[in-house]
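Single-letter residue listing:
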Amino acid sequence: MPLASLKLTCFRGYESASVDLGPGLTLFVGDNAQGKTNLLRAAEVLGLGAAPEAAAGDLVRWGAAAGSIEGRIATDEDVAPVRLVVGLARGGLRLALNGKMAPRPRWIGLCPVLFVGPEDRDQVTGPPSARRALLDELLEQGEPRYLAALREYRRALRQRNRALGDQESQDGEIEIWEEPMARAGGVLLAHRVRALDQLGPRAAAWHRELAGGDADRGLGLAYQSGVAAPAGSGAEAWGAALADALAAGRLRDRAVGTTLTGPHRDEVAIALAGHPLKGSGSSGEIWTAILALALASAEALSSRLGRLPVLLLDDVLAALDRTRCDRLLGIAASLPQVLLTATTVSGAAGAAPAAATWTVRNHALERLGTGRERDDGWRSDTDVRELLARC
């Protein structure tokens, strides 16, 4: 079980709150604006060791100087639980692992998480940056090399753009940043293309399970890059292709004052029955695709880390019909750990009662009791059952 407990101190609307977490599906119920989303966002920040853009802003409770998010990861009986603490301050986050400061690369993967909430509609309907961010978050948690490359690429990109925006800069001041961009960008491109190749079939399979009668309307994913695909698939081949693209576009980039080619401009295309889902999909179709992609991403993390992430589902049932809700709840109940928010218990009961249910009112938690007992078997009919049996 990834996360055994979560404790908040001066995090957003929470002055103090503590919740013990068990395996299976845990339901948090309450009206809007009571603190349900903030609770799941706290778990996300804890797992990522950073505040994603959607969760950014002022994390410290108004009037407080600092705050914290503390989580404990259950381990074997003979091993003490791992204690993770994210210190919250106005200037940023501080990470402590078992009482000692820890760099983020060491932190990533200790408590993998995947958040799905209303803002994630942008994964389909929003700009390409929203879909790139989805890939980045997935790969950051599963590929340590990716996180370092992403940081290096962004630093070099900022410097090249600064030189491009300076009319007095010389060609050499632009070219000097293309080598680190190509080196790091090659890693990004190779990992992203490989990830989409793996995610596509699994997302399509999850979509069929969630959509049921709409199974003939297949979900498709494709990575679309402005960099011409090289003969090889490795980071070096992609890096060389990116270097050529940067050199070829240098005059154009100087004219517009920014870099127009590279991983920071690429797109992840999402299609249903061969047609772009953006602009044509219904709300139910869009959310079914988002959830299918999240479940496929969870599998991808599991294959890399040896365990599934904590799945954080924020008010996702509202956009689904009864049949799709029941299918999603059946899947969620079969996973190691899912935290789900809803406005009513009846709306989330469906075919899979929660292992535990908490009410959330004015940023205070109260446990209602336990539902059915859950054994260690799997109830989903998808391939993830066999995958998890090996983890």
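This text follows the structure it describes.
Below or above, wherever it landed, is the structure these notes cover.

Thresholds, definitions, all that
Residues numbered from 1 in each chain as written. Predicted model: local features only at pLDDT ≥ 70, side-chain atom pairs only at ≥ 80, totals over all residues. Heavy atoms only, no water. Helix = DSSP H or I, 4+ residues; strand = E, 2+ residues; numbered from the N terminus. Buried < 20%, exposed > 50% of the residue type's maximum accessible area, 1.4 Å probe, protein only. Contact = heavy atoms within 4.5 Å. Expected span 1.5 Å × (residues − 1). Arc of directions from axis to C-beta. Pairing = 2+ DSSP bridges. Axes fitted to C-alpha atoms, helices over the stretch in contact; angles between N-to-C directions. Core = buried A, V, L, I, M, F, W, Y, C linked by side-chain atoms within 4.5 Å. Parallel < 35°, antiparallel > 145°, perpendicular 65-115°, else oblique. Left-handed = near helix turned anticlockwise from the far one by under 90°. Salt bridge = Lys/Arg side-chain N within 4 Å of Asp/Glu carboxyl O.

## A closer look at the overall build of the chain
Helices and strands together make up the secondary structure of the chain, namely 13 helices and 15 strands. The burial tally for the chain puts 52% of its 391 residues in the buried class. Long-range pairs, those at least 24 residues apart, make up 71% of the contacts in the chain with a sequence separation of at least 6.

## Side note on helix α8 (residues 235-248)
For α8, built from 14 residues, the straight-helix expectation of 20 Å at 1.5 Å per residue is met to within 8% by its first-to-last C-alpha distance of 20 Å. Residues of α8 that are buried: Ala235, Trp238, Gly239, Ala241, Leu242, Ala245 and Leu246. One side of α8 carries all its buried residues, which in axial view fall inside an arc of 165°. Within α8, the exposed residues directed more than 90 degrees away from the buried face are Glu236, Asp244 and Ala248.

## Considering the sheet that holds strand β7 (residues 100-101)
Hydrogen bonds between backbone atoms are what pair the strands of a sheet, whose relative direction is either parallel or antiparallel. With antiparallel pairing, 6 strands are arranged side by side in an open sheet as β2-β1-β4-β5-β6-β7. At either end of the open sheet lies a strand with only one pairing partner, and these are β2 (14-20) and β7. The sheet contact formed by strand β4 (residues 66-73) and strand β5 (residues 82-89) spans 8 bridges and is antiparallel. If you follow Arg72 over to β5, its bridge partner there is Arg83. The strands that helix α1 (residues 36-48) touches are β1 (5-11), β2, β4, β5 and β6 (92-97); relative to β1, the one it contacts most, it runs at about 110°.

## Looking at the pairing of β6
Pairing analysis gives 6 bridges linking β5 to β6, with the strands arranged antiparallel. Opposite Ala89, over in β6, you have Gly92 as the bridge partner. Between β5 and β6, which pair antiparallel one after the other, the connecting turn spans 2 residues. Here β6 hands over to β7 after 2 residues, with Asn98 in that stretch at a positive phi of 50°.

## Topic: the nonpolar core
Within the largest apolar cluster, 68 residues are counted, with the highest numbers of intra-cluster contacts made by Val116, Leu291, Leu313, Val316, Leu328 and Leu340. Excluding anything up to four places from it in sequence, Leu291 contacts Val116, Leu210, Leu313, Val316, Leu320 and Leu328. The next biggest cluster of nonpolar side chains, apart from the first, holds 38 residues, and it includes Leu88, Val113, Val310 and Leu312.

## A few points about the packing of helix α7 (residues 178-211) against helix α10 (residues 283-305)
When two helices pack together, their arrangement is given by the angle between the helix axes and the distance between those axes. For the pair α7 and α10, interaxial distance at closest approach is 8 Å and the crossing angle is 130°. When the axis of α7 is compared with that of α10, the two are oblique. Note that α7 runs across α10; the crossing there is right-handed. Between α7 and α10, the contacting residues are Leu199, Arg202, Ala203, Trp206, His207, Leu210 and Ala211 on the first element and Thr288, Ala289, Leu291, Ala292, Leu293, Leu295, Ala296, Ser297, Glu299 and Ala300 on the second.

## Comments concerning the environment of Gly262
Among the structural elements, Gly262 can be located in the loop between α9 (250-256) and β10 (267-272). For Gly262 and Gly186, which are 76 residues apart along the polypeptide, the C-alpha to C-alpha distance reads 9.5 Å. If we skip the residues at most four places from it in the chain, Gly262 touches Tyr153, Val227 and Leu242.

## What to know about helix α4 (residues 128-142)
Taking 1.5 Å of rise per residue, the 15 residues of α4 would be expected to cover 21 Å, and the 22 Å separating its terminal C-alpha atoms lies within 8% of that figure. For α4, the full list of buried residues reads Arg131, Arg132, Leu135, Asp136, Glu137, Leu138, Leu139, Glu140, Gln141 and Gly142.

## With respect to the pattern of salt bridges
Evaluated as defined, the whole model comprises 20 salt bridges. One salt bridge connects Glu178 with Arg250, and the closest N-O pair in it is separated by 2.8 Å. One end of the pair, Glu178, is in helix α7; the other, Arg250, is in helix α9, with 72 residues separating them in the sequence. For the pair Glu178 and Arg250, a shared accessibility class is recorded, and that class is buried. The salt bridge involving Asp253 is made with Arg252; its shortest N-O contact spans 3.1 Å. Members of the salt-bridge network, linked through shared partners, are Arg160, Glu175, Glu178, Arg250, Arg252 and Asp253.

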